[in-house]
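Observations on the model geometry
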Amino acid sequence: MNNKNQKNIQNIISIRKIYMALVSLIILIWAFFKNKFIIKLFILPFIVCSIAVILENIFLILNKLKLSKIFRNIFYISFFTYVFSILTYITYYSIVNKSYSFLIFVFIFLFFIINLIKNRFFKKK
């Protein structure tokens, strides 16, 4: 009985995540079509993340754990790609404008992001 209740609670949480991701997806798609090209590049990874969250939770409800895990990894890859892109741009901007103080923040964030990636994708089992 306890396992069944736990599964029901997990399904309710997954449905809530799907609703939140759908609202986000609708707003992001609207913003995507209303903006210029450079802004579209910044919005696109969030659209991929929203779609990945929706599909991850749908497959979690359907008890397809392998597919759910694939979409969770797609979410992480998309998010980390976006973060590295922003950090690369900030590094480029910092070097071109000779404001090297930004590099301190880049290295701090880079340290934390690399640590998160290491823990997420390369943790020992």
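What counts and how
Throughout, residues of each chain are indexed from 1 in the direction in which the sequence is written. Two thresholds apply to this predicted model, a pLDDT of at least 70 for residue-level local features and 80 or more for giving and counting side-chain atom pairs, whereas whole-chain, interface and lining totals are computed over all residues. Derived side-chain values reflect all non-hydrogen atoms in the structure, with water molecules and hydrogen atoms excluded from consideration. For the purposes of this entry, the term helix denotes a DSSP run of H or I that reaches at least four residues, the term strand denotes a run of E that reaches at least two, and both are numbered from the N terminus. To estimate the expected span of a helix, count its residues, drop one, and scale the result by 1.5 Å. Residue exposure (1.4 Å probe, protein chains only): buried if accessible area is under 20% of the type maximum, exposed if over 50%, otherwise partly exposed. The contact criterion used is simple: two residues touch if any of their non-hydrogen atoms lie within 4.5 Å. In predicted models, pLDDT denotes the confidence assigned by the predictor to each residue on a 0 to 100 scale. Simply put, an axis is a line fit to the C-alpha atoms, just over the touching stretch for a helix, and the angle between two N-to-C directions goes from 0 to 180 degrees. Here the angle decides the label: under 35 degrees means roughly parallel, over 145 means roughly antiparallel, 65 to 115 means roughly perpendicular, and every other value means oblique. Two helices that cross are described as forming a left-handed crossing if the nearer one is turned anticlockwise from the farther one by less than a right angle, and a right-handed crossing if clockwise. Two rings from Phe, Tyr or Trp (for Trp, the six-membered ring) form a pair when their centres sit within 6.5 Å of each other. Planes less than 30 degrees apart are called stacked, planes more than 60 degrees apart edge-to-face, and all others tilted. When the NZ atom of lysine or the CZ atom of arginine is within 6 Å of a ring's centre and also within 35 degrees of its normal, the charge is said to sit over that ring.

Turn by turn, an α-helix covers 3.6 residues, leaving residues three or four places apart pointing in a common direction. Between its first and last C-alpha, helix 1 (residues 2–34) extends 48 Å over 33 residues, near the 48 Å set by a 1.5 Å rise per residue. Buried residues of helix 1: Asn11, Ser14, Ile18, Ala21, Leu25, Leu28, Ala31 and Phe32, and no others. Buried residues along helix 1 sit against helix 2 (37–61).

For helix 4 (residues 101–121), with 21 residues, the first-to-last C-alpha span of 31 Å sits near the 30 Å given by 1.5 Å per residue. In this fold, the buried residues of helix 4 make contact with helix 3 (65–96).

In this model, the protein carries an average pLDDT of 89, and 98% of its residues clear a pLDDT of 70 or more. Within the protein, helix 4 has the poorest average pLDDT of any element, 85, and helix 2 the best, 92.

So, on to the packing of helix 3 against helix 4. Two elements in contact, helix 3 and helix 4, have axes whose closest approach is 10 Å; the angle formed by their N-to-C orientations is 160°. By the angle class used here, helix 3 and helix 4 are roughly antiparallel. In this structure, the crossing between helix 3 and helix 4 has a hand that is left-handed. Contact residues: helix 3 offers Arg72, Asn73, Tyr76, Ile77, Phe80, Val83, Phe84, Leu87, Ile90, Thr91, Tyr93 and Ser94, while helix 4 offers Phe102, Leu103, Val106, Phe109, Leu110, Ile113, Ile114, Leu116, Ile117, Arg120 and Phe121.

The next point concerns the environment of leucine 103. Looking at where leucine 103 falls in the secondary structure, it is placed in helix 4. For leucine 103 and tyrosine 92, which are 11 residues apart along the polypeptide, the C-alpha to C-alpha distance reads 9.6 Å. Sequence-distant contacts of leucine 103, that is, excluding residues within four places in its chain, are made with Thr91 and Ser94.

Scanning the model with the defined rule gives 11 aromatic pairs in all. With 5.7 Å between their ring centres and 10° between their planes, phenylalanine 59 and phenylalanine 71 make a pair best called stacked. One end of the pair, phenylalanine 59, is in helix 2; the other, phenylalanine 71, is in helix 3, and 12 residues separate them in sequence. Accessibility classification places phenylalanine 59 together with phenylalanine 71 in one group, the buried group. Relative to phenylalanine 79, the ring of phenylalanine 75 has its centre 6.4 Å away and its plane inclined at 5°; by these criteria the two rings are stacked. One end of the pair, phenylalanine 75, and the other, phenylalanine 79, are both in helix 3, four residues apart, so they sit about a helical turn from each other. Ring pairs connect the aromatic residues Phe75, Tyr76, Phe79 and Phe80, which therefore count as one cluster. The lysine or arginine in question, lysine 40, covers the ring of phenylalanine 32, its NZ or CZ lying 5.3 Å from the ring centre.

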